[in-house]
Amino acid sequence: MQVKILAAAASDLEEGYRFYERRSPGLGPYFLDSLYADIDSLVFYGGMHRIVFGYHRLIAKRFPFAVYYRLIEETVLVMAVLDCRRDPNWTRKRLAPN
């Protein structure tokens, strides 16, 4: 299985990095390392997660974030990486098709 992170999800990761780095210098890289490890696990576990708002949702292990992805043949497409502390209505709108 192959994992591809779409541009929108990469932007989400960058936003999370900046948030945690402002909170405590050095926490931003730890955030990215943790989230990338979770995303890398999709090579083995892609498609096994609950479907929420039309996407499979992986809950991150160390941070309150969720990885929303779709499984297309043998490829995991990471669509978004969103903070779980946000209003669920905001998340639903963010994930809605254009």
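Right, let's walk through the structure included here. (Residues numbered from 1 in each chain as written. Predicted model: local features only at pLDDT ≥ 70, side-chain atom pairs only at ≥ 80, totals over all residues. Heavy atoms only, no water.)

### A closer look at the environment of Met1
No. 1: Its location among the elements puts Met1 in the segment before strand 1 (2-5).
No. 2: On a C-alpha basis, the gap between Met1 and Tyr45 in space is 9.3 Å, while along the polypeptide they are 44 residues apart.
No. 3: Once residues within four sequence positions are removed from consideration, Met1 is found in contact with Leu42, Val43, Gly46, Leu71, Glu74, Thr75 and Val76. (Helix = DSSP H or I, 4+ residues; strand = E, 2+ residues; numbered from the N terminus. Contact = heavy atoms within 4.5 Å.)

### Quick word on helix 2 (residues 27-40)
No. 1: For helix 2, with 14 residues, the first-to-last C-alpha span of 20 Å sits near the 20 Å given by 1.5 Å per residue.
No. 2: The complete set of buried residues in helix 2 reads Gly28, Phe31, Leu32, Ser34, Leu35, Asp38 and Ile39. Looking down the long axis of helix 2, one finds its buried residues gathered within 165° of arc, a one-sided arrangement. (Expected span 1.5 Å × (residues − 1). Buried < 20%, exposed > 50% of the residue type's maximum accessible area, 1.4 Å probe, protein only. Arc of directions from axis to C-beta.)

### Overview of the layout of surface pockets
No. 1: The volume enclosed by the largest pocket comes to roughly 220 Å³.
No. 2: What lines the largest pocket is Asp12, Glu15, Gly16, Phe19, Arg22, Phe65, Val81, Leu82, Asp83, Arg86, Trp90 and Arg94.
No. 3: Of all the elements in the fold, those that place two or more residues in the lining of the largest pocket are helix 1 (7-23), strand 5 (75-83) and helix 4 (88-95).
No. 4: Looking at the lining of the largest pocket, the element that brings in the most residues is helix 1, giving five residues.
No. 5: Residue composition of the lining of the largest pocket, by class: five nonpolar, one polar and six charged. (1 Å grid on protein atoms, 1.4 Å probe; cavity = no way out; pocket = protein on both sides within 12 Å on 5 of 7 lines; lining within 4 Å. Points joined across faces, edges and corners; volume = space filled by probe spheres on them. Nonpolar A, V, L, I, M, F, W, Y, C, P; charged D, E, K, R; others polar.)

### Structural notes on the packing of aromatic side chains
No. 1: Throughout the structure, instances matching the rule amount to seven aromatic pairs.
No. 2: Geometrically, the ring pair formed by Tyr20 and Phe65 is tilted, given 6.3 Å between the ring centres and 55° between the ring planes. Highlighted residues: Tyr20 in helix 1 and Phe65 in strand 4 (residues 65-72), separated in sequence by 45 residues.
No. 3: Residue Tyr20 is classed as buried on the basis of its relative accessible area, which comes to 7%.
No. 4: Both rings, one in Phe31 and one in Phe63, keep their centres 5.2 Å apart while their planes meet at 85°; by these two values the pair is edge-to-face. Residue Phe31 is located in helix 2, and its partner Phe63 is located in the loop between strand 3 (55-59) and strand 4; the two are separated by 32 residues in the primary sequence.
No. 5: Taken together, the ring pairs connect Phe19, Tyr20, Tyr30, Phe31, Phe63 and Phe65 into an aromatic cluster.
No. 6: Here the basic side chain of Arg70 rests over the ring of Tyr55, its NZ or CZ set 3.9 Å away from the ring centre.
No. 7: The ring of Trp90 is capped by Arg86, whose NZ or CZ atom sits 3.8 Å from the centre of that ring. (Phe/Tyr/Trp six-rings, centres within 6.5 Å; stacked < 30°, edge-to-face > 60°. Lys NZ or Arg CZ within 6 Å of the ring centre and 35° of its normal.)

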